[in-house]
Amino acid sequence: MFTPTNYDTYDFANRRHIGPSPAEMAEMLKAVGVQSLDQLVDETVPRAIRQDAPLSWAPMTEHAMLAKLREVAAKNRVMTSLIGQGYYGTVTPPAIQRNILENPAWYTAYTPYQPEIAQGRLEALLNYQTMVADLTGLPVANASLLDEATAAAEAMTMAERSAKSKARAFFVDDNLHPQTIAVIETRAAPLGISIVRGQPEDLKPEEVFGAIFQYPGSFGHIRDFTDMIAALHDAKALAVMATDLLALCLLKEPGAMGADIAVGSAQRFGVPMGYGGPHAAFMSCRDELKRAMPGRIVGVSIDSHGDPAYRLSLQTREQHIRREKATSNVCTAQALLAVMASFYAVFHGPKGLRAIAERVHFNAVRLRDALVAAGAKVSPQQFFDTITVEVGVGQLGILAAAELRGINLRKIGRDRVGISLDELTDDDVLARLLDAFGITEPPAVSCGLAIPDVLLRESDYLTHPVFHMNRAESEMMRYMRRLSDRDLALDRAMIPLGSCTMKLNAAAEMMPLTWPEFGALHPFAPYNQAAGYHEAISDLTEKLCEITGYDAFSMQPNSGAQGEYAGLLTIAAYHRARGEGHRDVCLIPVSAHGTNPASAQMAGMKVVVVKSAPNGDVDLEDFTAKAEAAGDKLAACMITYPSTHGVFEETVRAICDITHRHGGQVYLDGANMNALVGLVKPGEIGSDVSHLNLHKTFAIPHGGGGPGMGPIGVKAHLAPFLPGHPVSGGAEGPVSAAPYGSASILLISWAYCLMMGGAGLTQATKVAILNANYIAARLKVGYPILFMGNRGRVAHECIVDTRPFAEMGVTVDDIAKRLIDNGFHAPTMSWPVAGTLMVEPTESETKAEIDRFITAMLAIREEITAVERGEITAEESPLRRAPHTVEDLVADWDRPYTREQGCFPPGSFREDKYWPPVGRVDNVYGDRNLICICPPVESYAAE
């Protein structure tokens, strides 16, 4: 008899995304002590909050999903967009596209908080900082921000806390890009900062603590701001310049004008427009301001051998330390895109970048000359790549004629059009462009300059040898490979980070990102040219509404922290509309993510901290008392569910009821949504608004520290108060530069939802809970497990208590570094409880990989026991000497344990062992001796 197999090779959820097989799950369930997955879920998730109806849509196969996305992509019209406003056509060198953007060694890496296993991406980010510092002429740069508009807003608040001026106003140049002005105004209002707008000559330095100028201006103007900046400094105010890295290859740099801070976008350095993102923003500043700079700064320190080693420096994740006193809530940045931009600079070098800048400029001059010769009125006289043409009542006709010829121009007022040329502009584009104006003569070849001598750059840039490599593709490819080999990403091993949900980023989900139908769209292109994007975003929105129980979503926030901020602004706007603008108290549990209180402070709210009960739950008695004390001033509470401690609290509905009884709104942080999808809908248990970390639960890769997306879902009463945008409209101000944030990566989450289907998403949640409980059950023989629920279960993550070992000199750092020898990234360290490890395996990890991690952790526990018994001291143990490098292996061995034990501990691979490129990095040395650009080669020789 022939019996057909029931094995479905196309079942993406169960054959590709979910790690354990059914047989492995049976073994794991036995270890946990339950009969079935449903029994485990029933013992973990309170029945009172479980959703009734299953998620409705059926799954697609990988090939069906890709066909669907091809069909949707074809609905977008790829035009030559010369709209400018900070977004430009660019060439992504194929070597960078294939070896960085499409390479899981780069896109699945986590933020480099464990520097020993992140030396490759840290070097690439240091190259980025060097590139930004050189081109802007300012000595300190950070390792990227979210977009140009939010970077400008961060610069405003940085100036406000750094300037000696007592003024409370900030001057905004009318020549800034409109979306930048709008985000600055959004950010300023809750902080009580008054915005003064005008032309640069309208500036009154004594009335402001700072000013921001666009250079080149949004309409093309370039001017020397040296005198204005000097006047600001005389008034003890600071100067910010929003600028363009490609233009700075020809133009006098902001540092030479005396600017204090420079910001902008690195998008045109090889990163596709993607209908708005993701793109790396940059910030650089004077050395005296470096400790006030938001975001991450890569620095150079030394390792345990005294050799140079990279690490994150200074105030990294300062919001987790300072909380409501934090000056920024930046957590996710745009590391992957910064890496791409840095390699673009390495790929082209200073001569190549200058050649591109010259070609763009000369084409703009040719265009200007042809238009002027035909009688057009063109401004300004001095420009880099952007001109404005007065067309009077013929504006709509010119725009339509250009669109008919495949070109988008910028509509300015009622009688002008803006034209911004870019790297892709060639003779064909110029001919089509001029034809739209009725000019058939080809533009003359010209090398004339529209840049005055006083604004020509005189200083060198990108002088470090890394920017002068042999640019043969073979050498470029090998450099990228060498750097990726120094890192440990998800393509090598499990990254069991609690709260960060490092799950599978499937290859099929990533493929559409580099299709030109999605990548080449300008975010301000006419609405009808992006029908495919709007179909994708609309369907993803419907699915997220069904998953969460909310009624509407804004896809604008381009990070989780931006989502928090946007959600709180939405709540504040709702209260104002009801005549209750006095509500400004936000209750936040002590266990909350550090970005929660930072976001509340930025939204103009007063943070009141609520205690935790001994079992890790929110202290309901303390919460009630503080809600009553706030009374009619209560604006909101911010909770995380399941809790930050990794359990499903039974009191969540009570917390929501108490908040609503006092007139507040409930903000439920969606960081732990991976334990809820298909089981619990936040919008049905009393929550009013949540952000979702799409780079966690919904499969967007972390990219070494970004990109991310943090869209917010709201109940119907809050929907009218979601973020608006100058392009797409809306009553409220925007929080990001583009209407849909980093729109192109929404495709990843959409593809994930399509392939998983409702049942697959629910099964993934259940298996995430299983994997976490399996780890807890196996590890509790060696480590205390904190905060297990009422029935002895954890949610999708568990907290391993390593504090008892401190008495014998073994720290949580020692355990984290020893895990590197086993080929693992450490779990989340010392948060939410200092001295502990929070472990989240996700549903994507196989039993074999989880078992390997458990083996490593139990072997480490045996090494701790050896210290405990006095067989070896903590200082001499492999724990303190970890991680072990190849240099350690081949050097003279004078340690009281064997090479075998040190370098090949249980759980590590032998044939494919990961060797960290550096020993343990000295953090204190790096902060005391900050170097945040590529050090001169001589310094390495001296070492």
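Let us look at the structure shown here. Given the structure is predicted, the values throughout are model-derived calculations rather than measurements.

As for the environment of D821
Then step 1. Take D821: it is sitting in helix α24 (residues 812–821).
Then step 2. Separated by 86 residues in the primary sequence, D821 and G907 have C-alpha atoms spaced 9.1 Å apart.
Then step 3. The contacts of D821, once residues within four sequence positions are left out, are A882, P883, H884, G902, C903, P905, S908 and K913.
Then step 4. There is a polar contact of 2.8 Å between the side chain of D821 and the side chain of R818.

Overview of the packing of helix α5 (residues 94–101) against helix α15 (residues 473–485)
Then step 1. With their axes 10 Å apart at the nearest point, α5 and α15 run at an angle of 20 degrees to one another. Taken together, the axes of α5 and α15 lie roughly parallel to each other. The element α5 and its partner α15 pack so that their crossing is right-handed. In this structure, α5 contributes A95, I96, N99 and I100 to the contact, and α15 contributes E473, M477 and M480.

With respect to α24
Then step 1. Burial of α24 is extensive: nine of the ten residues sit out of reach of the surface.
Then step 2. Taken residue by residue, α24 has V812, D814, I815, A816, K817, R818, L819, I820 and D821 as its buried positions.
Then step 3. The inward-facing, buried residues of α24 contact β25 (828–829), β26 (836–839), α25 (847–868), α26 (878–881) and α28 (899–903).
Then step 4. Positive phi appears at G823, one or two residues downstream of α24, with a value of about 80 degrees.

A look at the sheet that holds strand β6 (residues 238–244)
Then step 1. Sheet architecture is open: seven strands sit in the order β2-β8-β7-β6-β5-β3-β4, paired in mixed fashion. One side of each edge strand has no neighbouring strand; the edge strands of this open sheet are β2 (140–141) and β4 (194–198).

Observations regarding unusual backbone geometry
Then step 1. Here the amide bond leading from Y215 into P216 is cis, since omega sits at -5 degrees, within 30 degrees of zero.
Then step 2. Examined against the element boundaries, P216 turns out to sit in the loop between β5 (210–215) and α10 (226–234).
Then step 3. A cis geometry characterises the amide bond from W831 onward to P832, with omega recorded as 5 degrees.
Then step 4. As for its position among the elements, P832 is in the loop between β25 and β26.
Then step 5. Of note in this structure, T501 is not a glycine but carries a positive phi near 50 degrees.
Then step 6. Its relative accessible area of 1% is what places T501 among the buried residues.
Then step 7. Residues other than glycine seldom take positive phi values, yet A699 does so here, at roughly 75 degrees.
Then step 8. Secondary-structure assignment places A699 in the loop between β21 (689–691) and β22 (712–714).
Then step 9. Look at A699 and you get buried, because its relative accessible area is 0%.

Notes on the sheet that holds strand β11 (residues 377–379)
Then step 1. Across the sheet, four strands lie side by side as β11-β12-β15-β14; this open sheet has antiparallel pairing. Edge positions in the sheet fall to β11 and β14 (410–412), since each has one partner strand and no second. The sheet shows a mean angle of 30 degrees between the axes of neighbouring strands, taken without regard to direction.
Then step 2. Alignment of β11 against strand β12 (residues 386–390), held across three bridges, turns out to be antiparallel. Opposite S379, over in β12, you have T388 as the bridge partner.

With respect to the packing of aromatic side chains
Then step 1. Per the counting criterion, the structure on display carries 20 aromatic pairs.
Then step 2. Between W893 and Y897, the ring centres sit 5.7 Å apart and the planes meet at 90 degrees, which makes this aromatic pair edge-to-face.
Then step 3. Of the residues examined, Y897 reaches a relative accessible area of 5% and is grouped as buried.
Then step 4. Cluster of aromatic residues (ring-pair linked, three or more members): Y275, W515, F518, Y533 and Y740.
Then step 5. It is K913 that lies over the ring of W915; its NZ or CZ is 4.8 Å from the centre.

A look at the environment of A231
Then step 1. Checked against the element boundaries, A231 lands in helix α10.
Then step 2. Overall, the relative accessible area of 32% leaves A231 in the partly exposed class.
Then step 3. Here the alpha-carbon distance between A231 and K204, two residues 27 residues apart in the chain, equals 8.8 Å.

Some points on the nonpolar core
Then step 1. Judged by nonpolar contacts, the single largest core of 203 residues is most densely connected at M131 and F343.
Then step 2. Counting 43 residues, the second-largest nonpolar core is a separate cluster that includes A188, F209, V240 and M293.

A closer look at the side chain of R366
Then step 1. Inspection of the secondary structure puts R366 in helix α12 (residues 335–373).
Then step 2. With relative accessibility at 10%, the residue R366 sits in the buried group.
Then step 3. Other than its neighbours up to four places away in sequence, R366 contacts D427, L430, P443, A444, V445 and S446.

Observations regarding the side chain of T885
Then step 1. Note that T885 resides in the loop between α26 and α27 (886–890).
Then step 2. A distance of 3.3 Å separates a polar atom in the side chain of T885 from the backbone nitrogen of E887.
Then step 3. Excluding anything up to four places from it in sequence, T885 contacts H305, W915, P916, V918 and G919.

Some details on the pairing of strand β17 (residues 585–589)
Then step 1. Most of β17 sits out of view: five of its five residues are buried.
Then step 2. Across the two faces of β17 the burial is the same, with V585, L587 and P589 and C586 and I588 all buried.
Then step 3. Judged from the five bridges that link them, β17 and strand β18 (residues 606–610) form a sheet pairing that is parallel. Within the sheet, the bridge partner assigned to C586 lies in β18 and is V607.
Then step 4. Read from β17 through helix α20 (residues 595–602) to β18, the crossover connection turns out right-handed.
Then step 5. Pairing geometry for β17 and strand β19 (residues 634–640), over three bridges, is parallel.

A look at the pairing of strand β3 (residues 169–173)
Then step 1. Burial of β3 is extensive: five of the five residues sit out of reach of the surface.
Then step 2. In β3, alternate side chains face the same way, and those of A169, F171 and D173 on one face and F170 and V172 on the other are all buried.
Then step 3. At this point the chain moves from β3, through helix α9 (residues 178–188), to the parallel β4, and the crossover so formed is right-handed.
Then step 4. Pairing geometry for β3 and β5, over three bridges, is parallel. Residue pairing for β5: V172 is matched across the bridge by I212.

What counts, and at which threshold
Residues numbered from 1 in each chain as written. Predicted model: local features only at pLDDT ≥ 70, side-chain atom pairs only at ≥ 80, totals over all residues. Heavy atoms only, no water. Helix = DSSP H or I, 4+ residues; strand = E, 2+ residues; numbered from the N terminus. Contact = heavy atoms within 4.5 Å. Polar contact = N/O pair within 3.5 Å; in protein donor to acceptor, adjacent residues only side chain to side chain. Axes fitted to C-alpha atoms, helices over the stretch in contact; angles between N-to-C directions. Parallel < 35°, antiparallel > 145°, perpendicular 65-115°, else oblique. Left-handed = near helix turned anticlockwise from the far one by under 90°. Buried < 20%, exposed > 50% of the residue type's maximum accessible area, 1.4 Å probe, protein only. Pairing = 2+ DSSP bridges. Phe/Tyr/Trp six-rings, centres within 6.5 Å; stacked < 30°, edge-to-face > 60°. Lys NZ or Arg CZ within 6 Å of the ring centre and 35° of its normal. Core = buried A, V, L, I, M, F, W, Y, C linked by side-chain atoms within 4.5 Å. Right-handed = clockwise from strand over helix to strand, strands pointing away.

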